[in-house]
Amino acid sequence: MVQMRLKAVEWLDDRLRILDQSKLPHEESFIDLVDYQDVALAIKEMKVRGAPAIGIAAAYGIALGAQSIKGENKDEFLSQLDELMQTFVSTRPTAVNLFRAISRMRKAATGGNVPEMKTALASEAKEIHEEEIEATRRLSQLGAELIKDGFTILTHCNTGALATGGYGTALGIVKAAKEQGKRISVFADETRPLLQGARLTAWELEQEGIPVTLITDSMAGYFMNQGKIDCAIVGADRIAANGDVANKIGTYTLAVLAKENSIPFYVAAPISTVDLTLPSGAEIPIEERDPKEVTHIQGIRIAPEGTNAANPAFDVTPHNYISAIITEKGMIREPYLDGLAKIAT
Ligand code: MRU
């Protein structure tokens with residue numbers, strides 16, 4: 001088993017250490033966060049990113065915030081706790097892992113006195129983190145069964161240790177397949193506008209010794225049509241009850257191209273990404289980010305001054321384009337409504 005060298009998120013009891021993903025691959029720099037507001041900002045500014053990692057960071061951020069609340073009055077403590085949780089609610093709207101983590105943290109602060117609640121909150125955050133590590137390890141093992149020796153896998157965005165605080169989802173499957181001794185290689189979409197594929201996936205795969213070919217997003221169809229891709233695997237930020245999947249912008253395009261070219265299209269995600277309260281993808285909130293991320297690349301303007309730009313950070317892939325959803329509790333195929341309800345309740 002390959003050791004997790006990468007620690008995207010590390011709890012140090014009185015602070016949270018994160019690897020600043022906005023600086024990768026040029027700089028491997030860690031930031032120690034002691035104030036919960038800085039944790040919320042790090043999520044918003046995508047210094048820590050990826051659905052499971054956002055949930056984990058928010059949980060630790062809430063634990064940190066709770067530690068800083070003064071006084072022993074329980075009602076006062078809970079009211080301040082609710083307030084600071086709101087800061088996390090308004091960071092990023094699409095990944096449901098964030099909201100699931102916040103709600104678990106709120107439930108953890110019920111019994112006992114204030115110091116006991118603070119301890120319970122720190123334990124709950126650690127538990128959320130450990131559960132995500134275990135879930136991603138398990139789903140990676142299960143998903144690796146789909147990968148045959150010699151496969152070339154197309155992936156989008158970044159779904160490895162950086163995005164999960166654990167082993168990875170789509171990239172976890174790639175890593176597990178390699179550990180099983182299969183010779184595999186990856187085509188990684190660069191993933192505009194923020195280049196998670198070029199900056200993070202290429203970097204992670206290089207560390208793992210897995211051959212990677214970086215392509216621009218618009219090249220995916222060409223390589224599929226040339227017969228160069230055996231399957232596509234992506235992660236997810238929220239999966240609705242009917243199996244529709246929100247993931248990084250561009251995922252829907254890939255899924256349509258995969259179907260057109262008869263290439264299996266897999267989604268890998270822990271159950272913490274499933275949201276059974278939403279009947280379909282149409283109800284998933286899609287984050288709109290600063291248009292500057294489109295008119296500029298890494299701070300450098302590439303469009304004329306004043307150009308109008310749109311920047312939805314995610315899109316929704318309808319379930320009929322998805323060959324299987326791989327979770328830690330098994331692989332779900334159509335009909336997703338039944339399969340997801342069975343494993344996620
Ligand atoms: O905007 P990001 O970088 O947080 O988006 C990340 C993704 O879309 C990932 O594919 C998703 O969170 C799954 S990560 C295991």
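This section reports on the structure supplied with the text. (Residues numbered from 1 in each chain as written. Predicted model: local features only at pLDDT ≥ 70, side-chain atom pairs only at ≥ 80, totals over all residues. Heavy atoms only, no water.)

1. What to know about the overall build of the protein
- Scanning the protein from N- to C-terminus turns up 12 helices and 16 strands.
- Computed over its C-alpha atoms, the radius of gyration of the protein comes to 20 Å, within 12% of the 20 Å expected for a compact globule of 345 residues.
- Structurally, the protein occupies a C-alpha span of about 65 × 50 × 40 Å along its principal axes.
- Relative to its 345 residues, the protein shows a buried fraction of 56%.
- Within the protein, contacts between residues at least 6 apart in sequence are counted, and of these 75% link residues at least 24 apart.
- Surface summary for the protein: the accessible area is close to 14,400 Å², and the carbon and sulfur share equals 52%.
- Positive and negative side-chain charges of the protein, numbering 36 and 46 respectively, have mean locations separated by a distance of 3 Å. (Helix = DSSP H or I, 4+ residues; strand = E, 2+ residues; numbered from the N terminus. Rg over C-alpha atoms; globule rule 2.2 N^0.38 Å. Buried < 20%, exposed > 50% of the residue type's maximum accessible area, 1.4 Å probe, protein only. Contact = heavy atoms within 4.5 Å. Areas by Shrake-Rupley, 256 points an atom, 1.4 Å probe, with all protein chains shown as cover. Lys, Arg positive; Asp, Glu negative; His and termini not counted. Charge placed at Lys NZ, Arg CZ, Asp CG, Glu CD.)

2. Quick look at unusual backbone geometry
- The amide bond that connects arginine 192 to the next residue, proline 193, takes the cis arrangement and shows omega of 10°.
- Its place among the elements puts proline 193 in the loop between strand 5 (185-189) and helix 8 (196-208).
- Cis peptide bonds are those with omega within 30 degrees of zero, and the linkage from glutamate 334 to proline 335 qualifies with -5°.
- In this structure, leucine 195 is a non-glycine residue whose phi angle is positive, near 65°.
- Within the fold, leucine 195 resides in the loop between strand 5 and helix 8.

3. Looking at the pairing of strand 5
- Burial runs high along strand 5: four of the five residues are buried.
- Sheet analysis places strand 5 next to strand 6 (residues 212-215), joined by four bridges and oriented parallel. Paired with aspartate 189 across the strands is isoleucine 215, a residue of strand 6.
- With respect to chirality, the unit in which strand 5 leads through helix 8 into the neighbouring parallel strand 6 is right-handed. (Pairing = 2+ DSSP bridges. Right-handed = clockwise from strand over helix to strand, strands pointing away.)

4. What about helix 12 (residues 336-344)?
- Within the sequence span of helix 12, burial applies to Tyr336, Gly339, Leu340, Ile343 and Ala344. Here the buried residues of helix 12 occupy an arc of 105° about the axis, which is enough to place them on one side. Exposed side chains of helix 12 directed beyond 90 degrees from the buried face belong to Leu337 and Lys342.
- Packed against the buried residues of helix 12 are strand 8 (238-240), strand 11 (274-275), strand 15 (324-327) and strand 16 (330-332). (Arc of directions from axis to C-beta.)

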